[in-house]
Structures are given as structure tokens and as C-alpha cells.
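Here is what each chain is made of, one letter per residue.
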Amino acid sequence: MALNVEDYSQEYQRRVARDFYYKGWRGASDDVTEADQLQVVLKATSNGRDLRAALQKLLESGGDERSLTDPKTGLTKYHTPSSPCAGIHRSCCTSNAPSEGSFSRGVDTLRQLAMEAKNMSRQRNHDMIYSSPEDLFRKLLCDIRERLRAVFGLSFEDIINLFPSGTDAELLPALLAFLRALPKNGRGHDVFSVVTAAGEVGSGTMLAAMGQHFAKRLPSGRPGNCGNGERVFGFAEGNPDAGAFSSATLSMRDERGRLLSEQERDRDVEEAVRQALAILGEDGKPKYGCVVVHMVVGSKTGQCMPSADCLDRLVAEYGKLVLPVVDACQGRLGEGDVRENLDKGRVVLCTGSKFFGGPPFSGVCLFSEGLAQEFEQLVGSSEATIMLAQSKLKEYIVASLMSDDLPNLRSLLPQRPLNYGVLMRWTLALHNMETYLSDVPQEERVQVMREWSRGVRSIVAGAGPMVAMLQDPDDSEGCQDERSAALGTIISFHCRCNRGVPDKSADVMTIDELRHVQFLMASDLSEQHPHLSLMGPATTRCFMGQPVDLCSGAGIAPGMHVLRVAASAPLVVRMWNEGVERVLEEDRAVFEKLRLVLGNWYMFQKAISNV
């Protein structure tokens, strides 16, 4: 349909404004004392061979402590490295080691930045060897957004905001809910956040969803006050409009670890919302001005809570008192899922660092045009402007990470330091995302994932008494959609161990012991136990997902913890090229090593607390 003259003029002005930003417009800039990340790594780079080490340093920058590797082990807290390494990689439900292909793509981008930095130094006659090429950085960041637009099937009206991780991205819908609750509409100013799938989402989700610090190290590099209730944003106590966050954490399992039915999960969510909106404050008015409801699409064990129908019912009944947020941070989605959720007015959170195989971590928060307009209007109020200017939000994000369609928010954020870590982590993730979606036809992706899942389940079933599948009801049986197939590639299983005494030859294990198992699986066991060097599985590094407590620490059944293996998008591409059976041979080796560790646990269990 052709545009009339007025529409064309408005679209032209909009695109000119975007182009103005794209070519390097910055706006006002705060004084920044922190060293530029790019300068720091490039000063230690004398030739192209150093670029790989420089990229690794950038990948670990601009996030929290979860992205940092231990100098002794070379692994993050999730037991994965931040550079490519040999081994069998099945850890994508938690964290990934970057593939060689994606890492090379990152080196190319870093080389481009290094060349631009050298050129700027020559042109401006700086004393320093390198200068930060800010315009190129913003161009590359804009490129990241447009590539994500294509990957998720978004329109030009949809709003793409980048974050250091999926947990950080929780802060934006929390802020939207906080601002929604401010107007004096006969209700209180507090916000209630319903966090579903408790224990099976990120450990910092609840705090971030309440607008609180959740990490010991902030993306800015400064220390974070995690766990003491300090808020990232809000009014000072005593302010009549201060507002406060409360939350309910709803499990998808009972105290024995049994998965609740979809109807039970939905009922728990609807009841939590109903009760929250009925609570009265001291002034006799309803206490909460907004309730945030999280729909988890892909928990740590591949489950969902609540259903999309439940979310629709809540919005139909309560309107804007409910803010629906889709936690799709596992990234195990069908091609049209993001579009469908945005069209229903839901905030969508996703990452490139789980299923899509990017390094830890990279987050994105997506708004529809309508939500973005509401958000901008709320941010533009005088009280919100004052509050945000004094907030700690700037410790998490800078203006360039936010969409240029949120000018009010961007104006309240610092322009620097530029977060090269976010740029690089998304660069690596997008290499995998585009390869997965463009190279492999959708029907064949589904077929490959289902065939691999069946194969691994068969391997687990034959692994002996030390390993047993988690027997969750399969609600997706018979479904041929891509989301169900992708969620089904998270394989969870219980472990038992031989403690070296007759009555404990197949004993249940604690969650800390399973963390040690995960570490041992990611290690070459012959380094600490040379006598194992002749045993092939002992030397193979096998990267697995972190253990999950199915009862969130409150269960009455012992040993209700599982370890996990999962297939990533890069593995799906590889299976499509090489065949599923070739990859399943690796999975047999994974469980052969696991049997070795569990069967000789009495030898490996020493000093777990020191790992």
C-alpha cells in the first residue's frame, strides 16, 4: 500500500533521525574516569596473534562475575571457558564455550575496531597509541540490532534494547511496572512481581525483577550490593510516591520434585495475582498499582509456566494492572514466537548465550511500539526524570545499548564507557543464530532435534544404576513445532555415586556434589590422577549444564537434584551436516565418563568445598 505525502514525510524524518544517530551522534556526555575497555586490551596487543587473547578479555568485560574465568582453571563459575577449546559441549542450557567459527567472527570485528582506532590516533595526533572509535562502535551496535530484527522477525516499529545478560534485562520491565504504578489512580504505588518456575530460572531473577542488585560485580566494573535489598532505582524512603516491590516465587513442582500439571501451574499463578490485587494498604486503598507476571518459556529442565492462555486471561480480566513478561532466555523458540508475544503486548526477554551458543552472557529486552510509547511517556515525567537521574541504572547500561526510539531514557543514561563486552558477546551469538536459521530448513531442524533427544534418552536409559532419567510428563508428545523440539533437547537426569562402602555403592548425591561432578566432567582427570591417562573417557573434557534443585531447597525427598545435557543451535547445524549418529557417539562418551566419575566417587569426592 502506497504512503500518502504526510505519511512519507513522517517516515522520512524518522529515518533521517535514525541515520543521524547511526552515523555517530552522541548527545551530551558525562565525564568518565574509567579506562576505555578497548584501549586497555589493545595496548597489550602488538600483532594479530594477540587479538584472540584481547577478544577473550573483552568477552569477560562489561558484565558481572559470572562472565569471569578463574585464572587457575580457565573456567567460569559455570565450568565453561571463554575461548574455544577441545571437548564435548553439551552445556548450553547454562553456559557455552564459544565455537571456533563464532570466535573467528569476533576476531574479525575486533580487528576492524583496532584498525579504526589506529587510524583515529593518526588523524587526531593523540599521544596515546589507540583511541576509542566510538562512531564505529555505535555503527556495529546498530548492526547487531538490525540482525536481531531479522532473526526474530521484528518490524521497524519494534524496540530492541541490549543488556549484558538476560538477568540485567529484567530491570527494564521492572522499571516499566514501577512507573505504571506511580499515577494517583486510586491504587497504591507498590509493585508485585510474580516469578514463576522458582529454582529453575536464573538465580538473580527474583532480585532483578524487584529492581534490586543481584550480583557482586556490576557491568560498570564497580562492586554490587547484592542481597541487602538495595534498589537500582526508586524514590527515597519517606517519599509518599516511594513505591516498593514485593514478590511471589511460584514453583512448578511439589515438595517431592513432581512436576505440577499445566492446570495446577496456571491456577497457582492466577491465584497469586488475584490475592495481590485484593491486598489493601494502610490507607485502605489497594496496595499494588501493577503486577508483573513472568511466563517462563523454557525453565532449566525445559518446562513452561504459566501457559499463554493463562496470561491472556489475566490481561483480559485486569488490563494494565498486569504487565506480562515472557522469559524466553533459554532461546528455545519457534520462528514466530517472539512476534506473537509482542503482538499481544508482552515484554519479551531473550539471550544469545543459551541455546544459540554465544558466550556468557548477552541479553535483549524487546518492546512493541505501543509499550515503548507508554514507557517513553512515563519516563518523560518530571518525577521519573529526577528519580532515574539519581538511580543506579547507569551501573548496568549506557545510552548506546538502548534503542534510539527511547530518547527520554537514553538522555538520562551516560554515554560512556562503551560496553565492548556486550558488542562482542552478541557478535559471536549472532553468528550462530544466523547460521542455524538460514542454513537448516525448519522441518529438518525439528527432525534433527527430536532424533538427538530420543538418542540421548536411550543412552541414559542404558547407562546403569548410577544414572536415571528425570521422569517428567511429556506435554509435547506428538507436537511437531520447533519450540517443543528445542525445549526437548534439555535432558535432565539423577545421579547416584559409589562412596566406597558396601551400603553406599549407589548413594544419592547433594547439590554441591553434583556441582563437583560438573567440574570433574569439564576437566582432564588424568592431570590430577595420572593413573587414569590410559582410560579414554577420563581425558575428554565434557561440558554439561549446572545441577538443578527440583525442590528449591525445601523438598522432603532426598536426592531431588539433576544434572543436564542439552543440544545447542550450533550442534543442530553440525548434526544436519554430519549426521545425528556421529554426534551421539560423543554423547555415549559423555556418559561413559560420567559412569567412571560416579562409580569411583570415593576417589574424587575430596575437598569439594574448595573447588
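Basis of the calculations
- Every chain's residues receive numbers from 1 upward, in the order its sequence appears when written.
- Residues qualify for local features only when their pLDDT is at least 70, as the model is predicted, and side-chain atom pairs are given and counted only at 80 or more; totals for whole chains, interfaces and linings, by contrast, use all residues.
- Side-chain measures here rest on the full set of heavy atoms in the structure, leaving out hydrogens and waters.
- Counting from the N terminus, the helices are DSSP H or I runs at least four residues long and the strands are E runs at least two residues long.
- Note on classification: 1.4 Å probe, protein chains only; a residue is buried when its accessible area is under 20% of the maximum for its type, exposed when over 50%, partly exposed between these limits.
- For helices, the axis comes from a line fit to the C-alpha atoms of the stretch in contact; other axes are also lines fit to C-alpha atoms, and the angle between any two N-to-C directions lies between 0 and 180 degrees.
- Working definition: roughly parallel below 35 degrees, roughly antiparallel above 145 degrees, roughly perpendicular at 65 to 115 degrees, and oblique for all remaining angles.
- By definition, any crossing whose near helix is turned counterclockwise from its far helix by less than a right angle is left-handed, and any crossing with a clockwise turn is right-handed.
- Contacts: residue pairs with any heavy atoms within 4.5 Å of one another.
- Think of it as the arc spanned by the lines of direction from the helix axis to the C-beta atoms.
- Every case where a carboxyl oxygen of Asp or Glu lies within 4 Å of a side-chain nitrogen of Lys or Arg is listed as a salt bridge.
- Method remark: on a 1 Å grid restricted to protein atoms, a set of points is classed as a cavity if a 1.4 Å probe fits but cannot get out and as a pocket if it is open with protein on both sides within 12 Å along at least five of seven lines; lining residues have an atom within 4 Å of a point.
- Grid points are joined across faces, edges and corners, and a volume is the space filled by probe spheres set on the points.
- Gly falls in the polar group here, along with every residue not listed as nonpolar (Ala, Val, Leu, Ile, Met, Phe, Trp, Tyr, Cys, Pro) or charged (Asp, Glu, Lys, Arg).
- Two rings from Phe, Tyr or Trp (for Trp, the six-membered ring) form a pair when their centres sit within 6.5 Å of each other. Planes less than 30 degrees apart are called stacked, planes more than 60 degrees apart edge-to-face, and all others tilted.
- Geometrically, a charge over a ring is one whose NZ (Lys) or CZ (Arg) sits within 6 Å of the ring centre while staying within 35 degrees of the ring normal.
- What pLDDT conveys is the predictor's confidence in a given residue, as a value from 0 to 100.

**Quick word on the overall build of the chain**
What the chain contains, in helices and strands, is 22 helices and 14 strands. The buried share of the chain, reckoned over its 611 residues, is 56%.

**Notes on the packing of helix α7 (residues 171-180) against helix α12 (residues 369-379)**
In helix packing, the relevant descriptors are the interaxial angle and the interaxial distance, both defined with respect to the helix axes. Close contact between α7 and α12 brings their axes to 10 Å; oriented N to C, the two are set at 60 degrees. Considered as vectors, α7 and α12 are oriented oblique to each other. You can see that α7 and α12 cross each other, and the crossing is left-handed. Side by side, α7 and α12 meet where L172, L175, L176, L179 and R180 of the first sit next to L371, E374, F375, L378 and V379 of the second.

**Regarding helix α3 (residues 51-59)**
Regarding α3, the residues found buried are L51, A54, L55, L58 and L59. End-on, the buried residues of α3 take up no more than an arc of 140 degrees, which puts them together on one face.

**Observations regarding the pattern of salt bridges**
Proximity of charged atoms lets side chains of opposite charge pair with each other. Under the counting rule described, the total for this entry stands at 35 salt bridges. As a salt-bridge pair, R253 and E200 come within 2.6 Å of each other at their nearest N and O atoms. Separated by 53 residues along the polypeptide, R253 in the loop between β4 (245-250) and α9 (262-278) and E200 in the loop between β3 (190-196) and α8 (205-209) bring together distant segments of the chain. Here R253 and E200 have matching classes, each one buried. We note a salt bridge from R445 to E482, for which the minimum N-O separation is 2.7 Å. Linking R445 in helix α16 (residues 442-461) with E482 in helix α17 (residues 482-487), this pair joins segments that are 37 residues apart in sequence.

**Things to note about empty space enclosed by the protein**
Gaps left between atoms show up when a probe the size of a water molecule is rolled over them. Scanning all chains against the criterion turns up 1 cavity of 30 Å³ or more. If you trace the largest cavity, you find it lined by V151, F152, L333, G334, E335, V338, F356, Y436, L437 and E482. Those elements giving two or more residues to the lining of the largest cavity turn out to be α5 (134-152) and α15 (420-439). Partitioned by chemical class, the residues of the lining of the largest cavity number 7 nonpolar, 1 polar and 2 charged.

**Observations regarding the side chain of T69**
Topologically, T69 is positioned in the loop between α3 and β1 (88-90). In this structure T69 touches Q56, E60, G74, L75, T76, T80 and S82, once residues within four positions along its chain are discounted.

**Brief notes about the packing of aromatic side chains**
Following the criterion strictly, the structure yields 12 aromatic pairs and no others. Centre to centre, the rings of F355 and F356 are 5.5 Å apart; their planes meet at 65 degrees, and the pair counts as edge-to-face. Exposure class is identical for F355 and F356. Each is buried. Members of the aromatic cluster, each reached through a chain of ring pairs, are F178, F233 and F245. Its guanidinium or amino end placed over the ring of F361, R66 lies 4.6 Å from that ring's centre, counting from NZ or CZ.

**Notes on the packing of α7 against helix α13 (residues 382-389)**
Where α7 meets α13, the axes come as close as 11 Å, and the angle between the chain directions of the two elements is 140 degrees. As the angle between them shows, α7 and α13 are arranged oblique. The way α7 lies across α13 gives a crossing that is right-handed. Only A384, M387 and L388 of α13 make contact with α7, whose side of the interface consists of L175, F178 and L179. Residues belonging to the contact of α7 with α13 are distributed by class as follows: 6 nonpolar, no polar and no charged.

**Details of unusual backbone geometry**
Cis geometry marks the peptide bond from M305 to P306, where omega comes out at -10 degrees. Here P306 is to be found in the loop between β6 (304-305) and α10 (308-318). Cis peptide bonds are those with omega within 30 degrees of zero, and the linkage from R416 to P417 qualifies with 5 degrees. Here P417 is to be found in the loop between α14 (407-411) and α15. The backbone of H79 shows a phi angle near 65 degrees, a positive value even though the residue is not glycine. Tracing the backbone shows H79 in the loop between α3 and β1. Assessed through its relative accessible area of 13%, H79 is described here as buried. Phi at A197 is positive, roughly 55 degrees, even though this residue is not glycine. The residue A197 is located in the loop between β3 and α8 in this model.

**A few points about the confidence of the model for the chain**
Mean pLDDT over the chain stands at 88; residues scoring 70 or higher make up 87%. A low-confidence stretch, residues 1-33 stays under pLDDT 50, and its non-local contacts, those more than four residues away or across chains, total 32 contacts. For residues 607-611, every residue scores under 50 in pLDDT, and the model assigns this stretch 6 contacts once sequence neighbours within four places are set aside.

**Quick notes on the environment of V325**
As for its position among the elements, V325 is in strand β7 (residues 322-328). On the basis of relative accessibility, which here comes to 0%, the residue V325 falls in the buried class. Between the C-alpha atoms of V325 and V347, which are 22 residues apart in sequence, the distance is 4.7 Å. Beyond its immediate sequence surroundings of up to four residues, V325 is in contact with P173, V292, V293, H294, M295, V347 and L349.

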